[in-house]
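# Chains, contacts and geometry: an overview
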Amino acid sequence: MSLLPSRPERQPALRLNPRDLAFVALGQVAGGVGGAIAWWIGVPLPWLIGALAMVATLSMLGLPLGTRRSLRDAGVLVLLTGIGLTFTPQAAETSLRLLPMILLAALATLLIGCIASLLLARLSNIDRTTAFFCSVPGGPAEMSVLGARQGANMPPIAICQLMRIVTLVVVIPPTMVLLDLHGEHVWTFSADPFHLPGFLVTMGLSLALALMLRWMNVTAAFIVGPLAVGIALGASDAHLSSVPAELMMACQVLMGAYLGAQFRRDVLRSMKRFLPAALMNVLLVTLACATLGFLLHLVDDESIATMVLATAPGSVTEMSITAQALGFNVPVVTAFHVIRILILVMLISPAFTAMRAIGLIPACHAGRPASPIPPQPAPQSALQPLPQSLSKDAEK
């Protein structure tokens, strides 16, 4: 599969009226309050988990909180640039040494997703095409769009992928704290002092590369671009500037609020019979990946916790932040996830074709059995947090 999928049609720009803007602002404020409460009571990764929990709770209670894809992209841009800056030359050497293990882990994760999809299809009675794109780890929007091209039902894919990310964010950090698992590394996202001109140059480079990749329709442009800039600057000892800790916290709030706003009551109600099977699928994939991390630990000096985070089927942003907060090896965790993203982007379509060729996934016919989840119009993001005017920006 190419990194350059066919370009979707351009969608008209979404305009927000003052009422919509107020709901967007309310969502971010609620996320900040949730993060502050979580920090006050000592929750690990408080600004991300607290914001997510607060906004998700209010959204499921029916409060019309808004969010925007552009806000999430801004948060990801800053966070992943900062994470990339932790790649010192020594860290880059370690990542290269582990490259064979990273490639093996990426391929094993794809295999785990393929196997788990067969069980999900049986337990939930959805078609195997939809189950495949539910089970292979990826972004909710990206996997939904890829699945739709193959005739899959988008809403269950989006909710399953979202449940996986949220479950890992909510479960892994507190579990590691309860087990008293802490690393020996102290990461500050850069040992350099903050220097405003250097910071603006760094963020400008990240934004420019991300926008260029998005214009080229590269999958995960706002992940690949900022990481590439951060890693290049960190590995070359450019020393332009650090990323302020306060800004990193604020960006975690943006991400937490964005994830939490996806949990709309009407969406969850329409999938109530699918959710138990989806949760079981998430737990199965997570357990299998954790086992993979443990096995890789046996052949390398990295700690079990670092390897579990490195192989966890979560997002690179959340897992790297968790590694930083708990003192584990951030460059190793990030390298595993970045290379896995690239491998999955290239191989997910051939893997789907192979499963169809050997009969594990039936060919898509017009009369194939429908998923028990009623199809919905396919918006650009598959999950809309409020009115469509408040939903994610059109995928570019």
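The rules behind the values
- Residues numbered from 1 in each chain as written.
- Predicted model: local features only at pLDDT ≥ 70, side-chain atom pairs only at ≥ 80, totals over all residues.
- Heavy atoms only, no water.
- Helix = DSSP H or I, 4+ residues; strand = E, 2+ residues; numbered from the N terminus.
- Buried < 20%, exposed > 50% of the residue type's maximum accessible area, 1.4 Å probe, protein only.
- Contact = heavy atoms within 4.5 Å.
- Areas by Shrake-Rupley, 256 points an atom, 1.4 Å probe, with all protein chains shown as cover.
- Expected span 1.5 Å × (residues − 1).
- Patch = residues over 30% accessible without salt bridge, like charges linked within 9 Å, V, L, I, M, F, W, Y side chains within 5 Å.
- Salt bridge = Lys/Arg side-chain N within 4 Å of Asp/Glu carboxyl O.
- Lys, Arg positive; Asp, Glu negative; His and termini not counted.
- Charge placed at Lys NZ, Arg CZ, Asp CG, Glu CD.
- Axes fitted to C-alpha atoms, helices over the stretch in contact; angles between N-to-C directions.
- Left-handed = near helix turned anticlockwise from the far one by under 90°.
- Nonpolar A, V, L, I, M, F, W, Y, C, P; charged D, E, K, R; others polar.
- Core = buried A, V, L, I, M, F, W, Y, C linked by side-chain atoms within 4.5 Å.
- Disulfide = S-S within 2.5 Å.
- Phe/Tyr/Trp six-rings, centres within 6.5 Å; stacked < 30°, edge-to-face > 60°.
- Lys NZ or Arg CZ within 6 Å of the ring centre and 35° of its normal.

## A few points about the overall build of the protein chain
Across its full length, the protein chain holds 16 helices and zero strands. Scored against the burial criterion, the 396 residues of the protein chain give a buried share of 54%. Within the protein chain, contacts between residues at least 6 apart in sequence are counted, and of these 79% link residues at least 24 apart. A total of about 17,100 Å² of accessible surface is found on the protein chain, and carbon and sulfur atoms cover 69% of it.

## Observations concerning helix α5 (residues 99-124)
The end-to-end C-alpha distance of α5, which contains 26 residues, comes to 37 Å, matching closely the 38 Å that a straight helix rising 1.5 Å per residue would cover. N125 sits one or two positions beyond α5 and adopts a positive phi of about 65°.

## Thoughts on a positive patch on the surface
Taken together, the side chains of R265, R269, K272 and R273 make up a positively charged region of the molecular surface. In this fold, R269 is placed in helix α12 (residues 265-270).

## Points about the packing of helix α6 (residues 128-135) against helix α16 (residues 330-357)
Geometrically, a packed helix pair is captured by the angle between its two axes and the distance between the axes. The contact between α6 and α16 brings their axes to 12 Å, and the two run at 145°. α16 is crossed by α6, and the crossing has right-handed handedness. Between α6 and α16, the residues in contact are T129, F132 and F133 and I348, A351, F352, M355 and R356, respectively. For the contact of α6 with α16, the class distribution of residues is six nonpolar, one polar and one charged.

## Concerning the nonpolar core
F132, F133, M176, I223, F274, L309 and F336 are the most contacted members of the largest nonpolar core, which totals 89 residues. It is α16 that provides the largest number of residues to this core, a total of 13 residues.

## Examining the environment of P156
Inspection of the secondary structure puts P156 in helix α8 (residues 154-178). A residue is classified by how much of its surface remains accessible, and P156, at 0% relative accessible area, is buried. Put simply, P156 and P140 are 16 residues apart on the chain and 9.8 Å apart in space, counted from C-alpha to C-alpha.

## Things to note about the state of the cysteines
Tallied over the entire structure, the rule returns zero disulfides. A disulfide-free cysteine, C160 has its sulfur positioned 4.5 Å from the sulfur of C134, the nearest such atom.

## Looking at the packing of aromatic side chains
For the structure shown, the criterion picks out four aromatic pairs. Where F132 meets F133, the ring centres are 5.0 Å apart and the plane angle is 85°; that geometry is what we call edge-to-face. Note on F133: relative accessible area 4%, which makes it buried. In this structure an aromatic cluster arises from ring pairing among F132, F133 and F352. A cation over a ring is seen here: R72 above Y258, with NZ or CZ 5.7 Å from the ring centre.

## Regarding the environment of I339
As for its placement among the helices and strands, I339 is situated in helix α16. The partly exposed category is assigned to I339, whose relative accessible area is 21%. Considering only alpha carbons, one finds I339 and A105, 234 residues apart in sequence, at a separation of 9.6 Å. Not counting chain neighbours up to four residues away, the residues in contact with I339 comprise L99, I102 and L103.

## Some remarks on unusual backbone geometry
Trans is the common state for peptide bonds, and a negative phi is the common state for residues other than glycine. For D237, which is not glycine, the phi torsion reads 55° and is therefore positive. Residue D237 is classed as partly exposed on the basis of its relative accessible area, which comes to 41%. One non-glycine residue, H239, lies in positive phi territory at about 55°. You can see H239 is positioned in the loop between α10 (221-235) and α11 (245-260).

## Thoughts on the pattern of salt bridges
Close approach of charged atoms lets side chains of opposite charge pair. Evaluated as defined, the whole model comprises four salt bridges. In this structure, D73 and R72 form a salt bridge, with 3.0 Å as the shortest nitrogen-oxygen distance. A salt bridge links R97 to D300; the nearest nitrogen and oxygen atoms lie 2.8 Å apart. One end of the pair, R97, is in helix α4 (residues 89-97); the other, D300, is in the loop between α13 (275-297) and α14 (304-311), and 203 residues separate them in sequence. The exposure class assigned to D300 is buried, which follows from its relative accessible area of 12%. Three or more residues are tied together by salt bridges with common partners; here these are R69, R72, D73 and R214.

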